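Reading the structure
Here is how the chains run, residue by residue.
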Amino acid sequence: MSFSMTGYGQSAFHFGGYKVQLEIKSVNHRYCEVMMRLPREWTYYEDGLRKIVQSRLKRGRIDVYVMKEKEEDQALPAVLNEQTVRAYLQAAEQLETQYGMQGKPSIVDMLGLPDVMVHSDGTSSIPEEQKDEWERVLQEGLREALSGLEQMRAREGLHLASDLERRITRLESLHTEMLDLAPTVVSDYRNKLRQRLTEMQEEGSFPFDEHKLGMEIAMFADRSNIEEELTRLQSHFGQSRELLKSDEPVGRKLDFLIQEMNREVNTIGSKANHLALVNRVVEMKAELEKIREQAANIE
């Protein structure tokens, strides 16, 4: 089963006088990149939460948002943190005297700075005796949000796999047509060359040599032989189908197979001195480009 790298999940819980919401989003990325956004006093838990995400998701850009809100019956009035305000003002004066920067922070500017307003009890960090309990509930909330994200990635992955299998079927159909056309390339070339040589001989401008004609046709047959490329393409189609059924992350392997298929098709295009074959090559390259775009979404 293939999984998409695009998904969304969320969870919410009440604990310790707070309502906590977790959101997790993921989009395409070559590797697994996890970005955590937590309240400053909860950075203690960041490493443990990150490891949980990395243990369940192997590829994608994953953004995790953890937000807290004091419940109404627990809310405390906010007061000015005078020590922090003085520190900000001193920093502003230092910027002006040492670096020549102009301007004073306004009231609106100051109120928007971190930790200028605090709860009236003066606390902003989690009590030591509650740290383990908070870690447990945060990890449970994250696992719940991850489950929602994984379900969405699984549903999207089914659609992607279905579309890719349909396109692989189209490639196999074109491949069958190429197999049927390949033997006619040499015979068509031989007939056209013989006709042209006969016309030139009748005009008296070119002596006909059956031996040289045979040598020319033999060299053309060797140059235009595409059996190996067609055989490798057939193998790549089968491998791609097997990957789409796998429960493991297959995006990188699939990307490699697409590159290999493109290489084989390009070789066929360079060898095939035949209009019908060249038309199939163009169709196959267009289909491979669509496959490449879709495969970029697979984990």
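As a reminder, the structure under discussion sits directly above these lines.
Quick caveat: nothing in here was measured; it's all calculated off a predicted structure.

Description of the pattern of salt bridges
In total, this model carries 23 salt bridges according to the counting rule given. Arg61 is the partner of Asp63 in a salt bridge, and the nearest nitrogen-oxygen pair spans 3.1 Å. Classification of Asp63 as buried rests on a relative accessible area of 10%. Here the residues in one salt-bridge network are Glu228, Glu229, Arg232, Glu264 and Lys271, joined through shared partners.

Thoughts on the packing of helix 7 (residues 251-271) against helix 8 (residues 275-295)
Here helix 7 crosses helix 8 at 165°, and the two axes come no closer than 10 Å. On the basis of their axis angle, the class for helix 7 and helix 8 is roughly antiparallel. In this structure, helix 7 meets helix 8 at a crossing whose hand is left-handed. Within the contact between the two elements, helix 7 uses Leu254, Ile258, Met261, Asn262, Val265, Asn266, Ile268 and Gly269 and helix 8 uses Val281, Met284, Lys285, Leu288, Ile291, Arg292 and Ala295. Residues that form the contact of helix 7 with helix 8 fall into these classes: 10 nonpolar, three polar and two charged.

Observations concerning helix 6 (residues 227-245)
For the α-helix, the turn length of 3.6 residues means that residues three or four positions removed from each other point alike. Taking 1.5 Å per residue as the helical rise, helix 6 with its 19 residues ought to reach 27 Å, and the 28 Å between its terminal C-alpha atoms agrees with that figure. Listing the buried residues of helix 6 in full gives Glu229, Leu230, Leu233, His236, Phe237, Ser240, Leu243 and Leu244. One face of helix 6 carries all of its buried residues, which in axial projection span an arc of 135°. Turned more than 90 degrees away from the buried face of helix 6 sit Glu227, Glu228, Thr231, Glu242 and Lys245, all of them exposed.

A closer look at the side chain of Asn297
Within the secondary structure layout, Asn297 lies in the segment after helix 8. For Asn297, a relative accessible area of 19% gives the class buried.

Remarks on the side chain of Ser2
Counting through the fold element by element, Ser2 comes out in the segment before strand 1 (7-15). You can call Ser2 buried: its relative accessible area is 2%. Ignoring sequence-local partners within four residues, the contact set of Ser2 consists of Ala154, Gly157, Leu158, Ala161, Leu243, Leu244, Ser246, Val250 and Ile298.

Some words on the pairing of strand 3 (residues 32-37)
Sheet analysis places strand 3 next to strand 4 (residues 60-70), joined by six bridges and oriented parallel. By the bridge assignment for strand 4, Arg37 is matched with Tyr65. Taken together, strand 3, helix 1 (residues 46-56) and strand 4 form a β-α-β motif whose crossover is left-handed.

Remarks on the nonpolar core
Grouped together as the largest cluster of nonpolar side chains are 31 residues, with contacts concentrated most on Leu254 and Met284. Secondary-structure elements contributing two or more residues to this core are helix 4 (131-202), helix 6, helix 7 and helix 8. For this core, the element with the highest residue contribution is helix 4, accounting for nine residues. Beyond its immediate stretch of four places on either side in the chain, Leu254 contacts Leu164, Ser240, Leu243, Leu244, Ala295 and Ile298. Grouped together as the second largest cluster of nonpolar side chains are 24 residues, Val20, Leu38, Ile52 and Ile62 included.

Here we look at empty space enclosed by the protein
Remark: the empty space left among the atoms is shown by a probe the size of a water molecule rolled over them. Overall, the coordinates contain two cavities of 30 Å³ or more when judged by the stated rule. Considered as a void within the structure, the largest cavity measures approximately 40 Å³ in volume. In terms of lining residues, the largest cavity is bounded by Leu164, Ile168, Ser240, Leu244, Leu254, Met261 and Ile291. Listed by contribution, the elements that provide at least two residues to the lining of the largest cavity are helix 4, helix 6 and helix 7. Tallied by class, residues from the lining of the largest cavity come to six nonpolar, one polar and no charged. Put simply, the second largest cavity is a space of about 30 Å³. Lining the second largest cavity we find Ser2, Phe3, Asp247, Glu248, Pro249, Val250, Ile298 and Glu299. Split into classes, the residues belonging to the lining of the second largest cavity amount to four nonpolar, one polar and three charged.

Remarks on the packing of aromatic side chains
Summed over all chains, the structure comprises four aromatic pairs. Ring centres of Tyr18 and Trp134 lie 6.1 Å apart, and the angle between their planes is 65°; this geometry places the pair in the edge-to-face category. You can see Tyr18 sitting in strand 2 (residues 18-27) and its partner Trp134 sitting in helix 4, a full 116 residues away along the chain. On the basis of relative accessibility, which here comes to 16%, the residue Tyr18 falls in the buried class. Between the aromatic rings of Tyr44 and Tyr45, the centroid separation amounts to 5.1 Å while the plane-to-plane angle is 80°, which identifies the pairing as edge-to-face. For Tyr44, a relative accessible area of 51% gives the class exposed. Among the aromatic residues, those joined into a cluster by ring pairs are Phe15, Tyr18, Trp42 and Trp134.

Thresholds applied
- Residues numbered from 1 in each chain as written.
- Predicted model: local features only at pLDDT ≥ 70, side-chain atom pairs only at ≥ 80, totals over all residues.
- Heavy atoms only, no water.
- Salt bridge = Lys/Arg side-chain N within 4 Å of Asp/Glu carboxyl O.
- Buried < 20%, exposed > 50% of the residue type's maximum accessible area, 1.4 Å probe, protein only.
- Axes fitted to C-alpha atoms, helices over the stretch in contact; angles between N-to-C directions.
- Helix = DSSP H or I, 4+ residues; strand = E, 2+ residues; numbered from the N terminus.
- Parallel < 35°, antiparallel > 145°, perpendicular 65-115°, else oblique.
- Left-handed = near helix turned anticlockwise from the far one by under 90°.
- Contact = heavy atoms within 4.5 Å.
- Nonpolar A, V, L, I, M, F, W, Y, C, P; charged D, E, K, R; others polar.
- Expected span 1.5 Å × (residues − 1).
- Arc of directions from axis to C-beta.
- Pairing = 2+ DSSP bridges.
- Right-handed = clockwise from strand over helix to strand, strands pointing away.
- Core = buried A, V, L, I, M, F, W, Y, C linked by side-chain atoms within 4.5 Å.
- 1 Å grid on protein atoms, 1.4 Å probe; cavity = no way out; pocket = protein on both sides within 12 Å on 5 of 7 lines; lining within 4 Å.
- Points joined across faces, edges and corners; volume = space filled by probe spheres on them.
- Phe/Tyr/Trp six-rings, centres within 6.5 Å; stacked < 30°, edge-to-face > 60°.

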